Amino acid sequence: MKAKIHVTLKQGILDPQGKAIEHALDSLGFKNAGNVRVGKYMEVDVDEKDKVKAEAEVKAMCEKLLANTIVEEYRYELQ
Amino acid sequence: MKAKIHVTLKQGILDPQGKAIEHALDSLGFKNAGNVRVGKYMEVDVDEKDKVKAEAEVKAMCEKLLANTIVEEYRYELQ
Amino acid sequence: MKIGVVVFPGSNCDHDCQHIFKDVLGQYVEMIWHKETLLAGLDAIVLPGGFSYGDYLRTGAIARFSPVMGAVKEFAKGGGMVLGICNGFQILLEAGLLPGAMLRNKSLHFICKDVSVKVENAATAFTGACQSGQVLKIPIAHADGNYYTDPVTLAAMQANAQIVLRYCTPEGKVTPEANPNGSLDNIAGIINAAGNVLGMMPHPERCAEAVLGNDDGKLIFLSMLESLKRNKKDLKMIPA
Amino acid sequence: MGPVIQPITKDLIAQHNLTDDEYKKIVGILGREPNITELGMFSVMWSEHCSYKSSRVHLKKLPTTGPRVVQGPGENAGAVDIGDGLCAVFKMESHNHPSFIEPYQGAATGVGGILRDIFTMGARPIALLDALRFGGLDHAKNRHLVKGVVAGIAGYGNCMGVPTVGGEIVFNDIYSQNPLVNVFCLGIAHKDKIFLGTAAGVGNPVIYFGSKTGRDGIHGATMASDSFDDQSEQKRPTVQVGDPFTEKLLLEACLELMAGDLLVGIQDMGAAGLTSSSCEMASRAGNGIDLDLTDVPRREPGMTPYELMLSESQERMLMVAQAGKEDECIRICKKWDLDVAVVGRVTGDGILRVRDQGKVVAEIPAKSLADDGPRYDRPYSPPAYQDMLTNLNYDALPDVKDANAALLSLLESPTIASKRCVYEQYDHMVRTNTMVRPGSDAAVVRIKGTNKAIAMTVDCNSRYCLLHPYEGARIAVAEAARNLVCSGAEPIGLTDCLNFGNPERPDIMWQFVLAIEGMKDACEHFKVPIVSGNVSFYNETNGLSIYPTPMLGMVGLIDSADQTMTQWFKQDGDAILLLGKTKEDLGGSEYLKVLHHREQGSPPLLSLDAEKALHDFILNVIHDGVVRSAHDCSDGGLSVALAECCISAPDARRGAVVRLPLDTLRRDALLFGESQSRVVLSVKPEMVDQILNRARDSGIPAMKIGTVGGDRFVIDVEKGQWSEGCRIDLPVDELHDRWAYSIERALSRT
Ligand SMILES: Nc1ncnc2c1ncn2[C@@H]1O[C@H](COP(=O)(O)OP(=O)(O)O)[C@@H](O)[C@H]1O
Ligand SMILES: [Mg+2]
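Just so we're clear, the structure is a prediction, and the values are computed from it rather than from any experiment. (Residues numbered from 1 in each chain as written. Chains lettered and ligands numbered in written order. Predicted model: local features only at pLDDT ≥ 70, side-chain atom pairs only at ≥ 80, totals over all residues. Heavy atoms only, no water.)

## What about the packing of helix α22 (residues 608–623) of chain D against helix α25 (residues 688–697) of chain D?
All names here are of chain D.
For step 1, the next point in the chain: Look at α22 against α25: their axes get within 11 Å of each other, and the N-to-C directions meet at 150°. The angle between α22 and α25 falls in the class roughly antiparallel. The element α22 and its partner α25 pack so that their crossing is right-handed. Contacts between α22 and α25 involve Phe-617, Asn-620 and Val-621 on the former and, on the latter, Ile-691, Arg-694 and Ala-695.
For step 2, the next point in the chain: For the contact of α22 with α25, the per-class residue count stands at 4 nonpolar, 1 polar and 1 charged. (Axes fitted to C-alpha atoms, helices over the stretch in contact; angles between N-to-C directions. Helix = DSSP H or I, 4+ residues; strand = E, 2+ residues; numbered from the N terminus. Parallel < 35°, antiparallel > 145°, perpendicular 65-115°, else oblique. Left-handed = near helix turned anticlockwise from the far one by under 90°. Contact = heavy atoms within 4.5 Å. Nonpolar A, V, L, I, M, F, W, Y, C, P; charged D, E, K, R; others polar.)

What follows is the structure, given as C-alpha cells:
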C-alpha cells in the first residue's frame, strides 16, 4: 500500500515560508493569491496488506518521526 | 477558491531527504516502510470565482515560482 | 573598475564582496539595492552569497524576480561580466542565466569548511590568473549545493569546457570522496556558453587575504580585473 | 476595565505563578485589584526570568566597572572600549526550557533573541558562540535534542550572516531532562553611537516594528521560571517559531535607523514582549508610555489585550523616535519590508497606560512593573550530600595500567572529542573576519579598519561547580582567561549565563551564592569586569537539578592581529614546554568519570596569583613572537592537551615524543589530572633556554618535556618515588580518528 502523508503547521503557528511565498506571489502580480501555507508531503510504500495494520503503522511513523507534533499536525490516506 | 498544490522531485532525481527518512524509519523498526519520497505541499487561497481562470492562475504560479521544473513536477487541485 | 554588488533582502555576503573589491583590490564598488532597475556604468556585477528571501521556497527562487534581475539579464546579454557566488549562483540558475538546478546537499546538512577545487578551464575571464589544473583551497558554506542538470546539457557543457571548477582532493584528483555535497560530476562552478557569467558555490571572497590564512580566492578576482582591463583596452582600440 | 471582566481568583493568581504576598503588593501598588491584563503583565515582569528576584541581591556583588567599561549590566547588553573609537558589545542568553520542548525552534529563537540584544545597542553582530549541555549520546532522546539544537542554531545564525565561531559542548546525564542552550553574541559599535532602551522626551512617538504579533509564547517568561514536570507537555502550544529572514531585515533596518539622527531609544521585544519593552524603556527614563494596541500589527484576528501585551512573537522591536521623525522611521522600516506602526507616545506621568479600541485596558506605574518587583534573599545552606561528594579515597582507586587505552577512551569521550561535526554546520566564516576558526582554545576575529582582533571563549566546568561551587566558579573564570591568553589576547570583559536549579531550595541557593563569590574573587583578581549576563533558574525536572553551571563568555583584545596564536603544533623539531605545576589533582576530573565512573572528589585548587603570573608571562612571550603554539590544559589533563596539540590542526597532524618525570605523583594524576594554571607551548629549539630563563625569573614552573615530530604520539613516564613508570605510544592517526569522529559516530545511531 502507498501512504500519502501531509504534514502542516498547526493553526496559529508562524509560517515564515508561507509568508515569503505570499509576498513573492503578490509582487509577481498574482493579486488574487493569499493566505499561503506551506507543509510537507510524503509518500511511503507500506508493505502490509491489512489496511487496519497499515494504518496503525503509518500513524506511528507520523507520531514518531514524520511530524513534529509540537508544531505540526498530519493527515494521511492509504491506497 | 483554495488551491492545494503538490510539488515533488521528478522521477529519477535522487531524493536525499526521502532516503534519510527511509533509513530512519528502518532503524526505528518500521521494516515495512520503503520507497519514501518527500515533496512540498502548499495551500493558496485564490480570490477568483471562475474555475477556469483560477486554474490558469494556479498553473502560472507553479510554472513561474512554486516549482522548478528542471527538477520538480507539480500537480494541483482546486476547491 | 566599477563593480556592482547586488543586495537582495537576505544577502549576507554583500559586505564581504564589497570589502574584497574595495579595500583589498582598490576598485570602486557600488552597492545595488534589489529594487533598482537601471544599471549604468558598471564593469562587472556580483551576486553575493546569503539567504535571499530566507531561501524559504527554494534557494534563489524568489530573488530571481527582484526588479534588479531584469537589468542583470540585460547586462549579461550585452556581454557584461556577472559573478554569482553561492546564493548568487543559485539565483543565476533560477533566473536561467546558467543551466541546471540546485538540490539539497546529500548529507542534508549545511556544510561550512575548506574544500579543494580544480581549475578545469583557466581560459575564462574568471580564471585567467590561474594555471590549468591548479588546485585552489576555498571554503564552502551552503545547504543546497548539490548541482543537477540533465545529461544532454551536461554533455554540452563538458564539450564547451563550461565546467570551470570541480571539487577534488588536495592533490587534484576528482573523486567521489572529494565531493562535499553530491554535486553532479563534482561540479563546483560553471560558466555560460558566452563566457561572461560564472556561478560558483565556494566563496573566494572568504580566502582572499593573507590575514585570514589563505588567499587562493584572490585569483578569481584578479582574473576578473585583468580581463576587464584587457577588454577596456580592446574597446579603446576600436576606432571611433 | 477590560472588555471581558474576569474575576481575579486565587486559582488565577496561582496560575500566574504569583504568591499571595506578591499579589498583595500588586494591589498595594495599584490601590485596587488588577484586571486580567494587568495581572498578566505583573506576572511576566515579576517572574524570576524578568525580575531576577532571587538573584539580584547577589548579582550586585559582581565587579562591573573598569576603565574600559562603556556600558555595564542593566541594558540590553554590555559594552567595553577596544580603542579606535569602537567598543565590543556582548551578552549571553539562555534558551534552555524552550529548547527542551522543541529543540530546533527553541535554539533558533534563542539565537534570534541574543542577536537582537546586540543590535538594539547599535552594534553590528560579528560573532556568535554556543555553550551547550546535553545528556549522554547513548539515549535516543538526547541525540534528537543535540541534532535539533545544532540545526536550530545553524538555521538561524547562518541565515543571519553572523558567524558562529566557537562554543562548548559537555555531555552528562544530569542534563538529560534539562539540556542547556546558552548563546553568546558580540557586536561592534562606535563608542559614541551606542543606543539605549530609554523612553526619554515626553511626547515622543513610540513605534512598533518587525513581525506581526501572534499568540506565540504567551507566558514564555513564566515558563522559564518554572520547573519541569510531567505536565509540561501542556505548555507546548506556546512554542515560538523563528523567522531569521525577517530578523535579518530587522537588523539592517535598525542599523539604518541608527545611522540617521532619528531615535531616542530602542529595545527589542524579548521575554514578556510588548510589556517588558515598554515598561522598561519608560522606567529607565522615569517616564510613562501611553500605548494604543489598536494599531499593533497582528497575525490573527481576535487577539485580546492580554494576549497582545504578553505575546512573545519573535523579531519585533519598539523604538522611541524623536518627535517629527516618525515618517522617516516608517519609510526605512517599509524599505526593509517590515510591519511598522506608531503605537503610542511618551508621557510624563510615569504610567504605562494601555488602550485598546479607545478603552483603557491597563494602567500601571511603569517603574513598579519594571523595577519594583519582589526581591528575595533566599535562605541558603550546603546540602547534606556535599561531603559525600567531595570525600574520595584515592587509595581505593587503582592507578592507571594501560595508559594507551585510557588516553583513547578520554579522546573519544564526547565531552573531549572534536566538535567538528557540529561547527561544520555553522557558517563560521561569513563576514570574512574569522582568523581562528572553531577548534582552538578561543575563536579570533579581526576588526576591519583596525589592526586589532577580538578573541572569545565560553567556558564552565560544571562538575567542579557541583563539587565546590566557589572553586568551580573561580576556575571557570581562570580557564576562560587562560584560553584567551593562549590565543594571544588580553582578557577585557566578561558576560555570564548562570544556569541553576530551583532557587527556593537552600542547597541550590547555596551553590548560587558560592558561585557568585567565586566569580567575584577571580574577576577582581584578573581585573576583568562583568558587563552583562543572564540568570536561568529552575533547571530542574521532577526534583532533579542540573549541576550548577555558571557559564562564562569572556572577551579578549589582541592589539595587533599578527600576534594571534593557535593551539596546534606547527613544525617538526620544535621543542615542547610545559608551564605550571602538576599536582595530585584527580578530583572531579574527566578521567575519573570516564575510567572510574565517579564524579567525586575536590576540584583542583587554584592559586589566583599563580594563574595571573602565568597569563602575564604567556602574553609576553606570544607578543615577543617566540612561541609557535600555546594550549591550556583542561579536561583530560596534560596528555589530552598534548594529544590535541598533535591532532587538532585543520590540515596537518604531527607526532610528538615526550618524557615526563613522575616524582611523587600517581601515574594517572600526572597524565590525566587536571591541575590548573598549566599551558603547553611549542617553540623553536633555539628559543628554549631563553623562555625557560624568563619563566624562572617570573617564578613560573617550566620545563622542556619533548619534541614535535614523527607519526607517533609517545609519552614516556619515568619511574617515580613510589610508582613504576609507564608509556603511551600510539600512531597519531589513531588518536585522531578516535577523537575526530566520535560524536559523529554516536549521533549517526538512530
Ligand atoms: N557547540 C560548539 N560550537 C562551535 N564550536 C565549538 C562548539 N563546541 C566546541 N567548539 C569548539 O571546539 C574547540 C574545543 O572546545 P573545548 O574543548 O570546549 O575547548 P576548551 O577546553 O579549550 O575551552 C573550541 O575551539 C570550541 O570553540
Ligand atoms: Mg582550552
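## Structural notes on the interface of chain B and chain A
For step 1, the next point in the chain: Residue-level contacts link 31 residues of chain B with 31 residues of chain A.
For step 2, the next point in the chain: Both faces considered, chain B and chain A share a buried interface measuring about 2700 Å² in area, 61% of it formed by carbon and sulfur atoms.
For step 3, the next point in the chain: In terms of surface lost to chain A, no three residues of chain B exceed Phe-30, Asn-32 and Tyr-41 of chain B, which account for 23% of the buried area on that side.
For step 4, the next point in the chain: Between chain B and chain A we count 0 salt bridges in total.
For step 5, the next point in the chain: Scanning the region where chain B abuts chain A turns up 13 residue pairs in polar contact (both at pLDDT 80 or more).
For step 6, the next point in the chain: Elements that contribute at least two residues to the side of chain B that touches chain A include exactly β1 (2–9), α1 (16–27), β2 (33–46) and α2 (51–66) of chain B.
For step 7, the next point in the chain: When residues in the side of chain B that touches chain A are grouped by element, the largest group, 14 residues, is from β2 of chain B. (Buried area = accessible area lost by both parts, 1.4 Å probe. Salt bridge = Lys/Arg side-chain N within 4 Å of Asp/Glu carboxyl O. Polar contact = N/O pair within 3.5 Å; in protein donor to acceptor, adjacent residues only side chain to side chain.)

## Examining the pattern of salt bridges
All names here are of chain D.
For step 1, the next point in the chain: On inspection of all chains with the given rule, the structure shows 69 salt bridges over all chains.
For step 2, the next point in the chain: The shortest N-O distance in the salt bridge between Arg-659 and Glu-718 comes to 3.0 Å. One end of the pair, Arg-659, is in strand β24 (residues 656–660); the other, Glu-718, is in the loop between β27 (712–717) and β28 (726–731), with 59 residues separating them in the sequence.
For step 3, the next point in the chain: Since its relative accessible area comes to 32%, Glu-718 is described here as partly exposed. (Buried < 20%, exposed > 50% of the residue type's maximum accessible area, 1.4 Å probe, protein only.)

## Regarding the site of ligand 1
Residue and element names in this part refer to chain D.
For step 1, the next point in the chain: Of all residues adjacent to ligand 1, which total 17 residues, the nearest are Asp-130, Gly-439, Ser-440, Asp-441 and Asp-459.
For step 2, the next point in the chain: Here Glu-168 contributes a backbone N or O atom positioned 3.3 Å from a nitrogen atom of ligand 1.
For step 3, the next point in the chain: In isolation ligand 1 offers 550 Å² of accessible surface; the protein chains occlude 89% of this area.
For step 4, the next point in the chain: Of all the elements in the fold, those that place two or more residues in the shell around ligand 1 are β5 (164–171) and α19 (469–486).
For step 5, the next point in the chain: With 4 residues, the top contributor of residues to the shell around ligand 1 is β5.
For step 6, the next point in the chain: A breakdown of the residues in the shell around ligand 1 according to their chemical character gives 4 nonpolar, 6 polar and 7 charged. (Near = heavy atom within 4 Å. Areas by Shrake-Rupley, 256 points an atom, 1.4 Å probe, with all protein chains shown as cover.)

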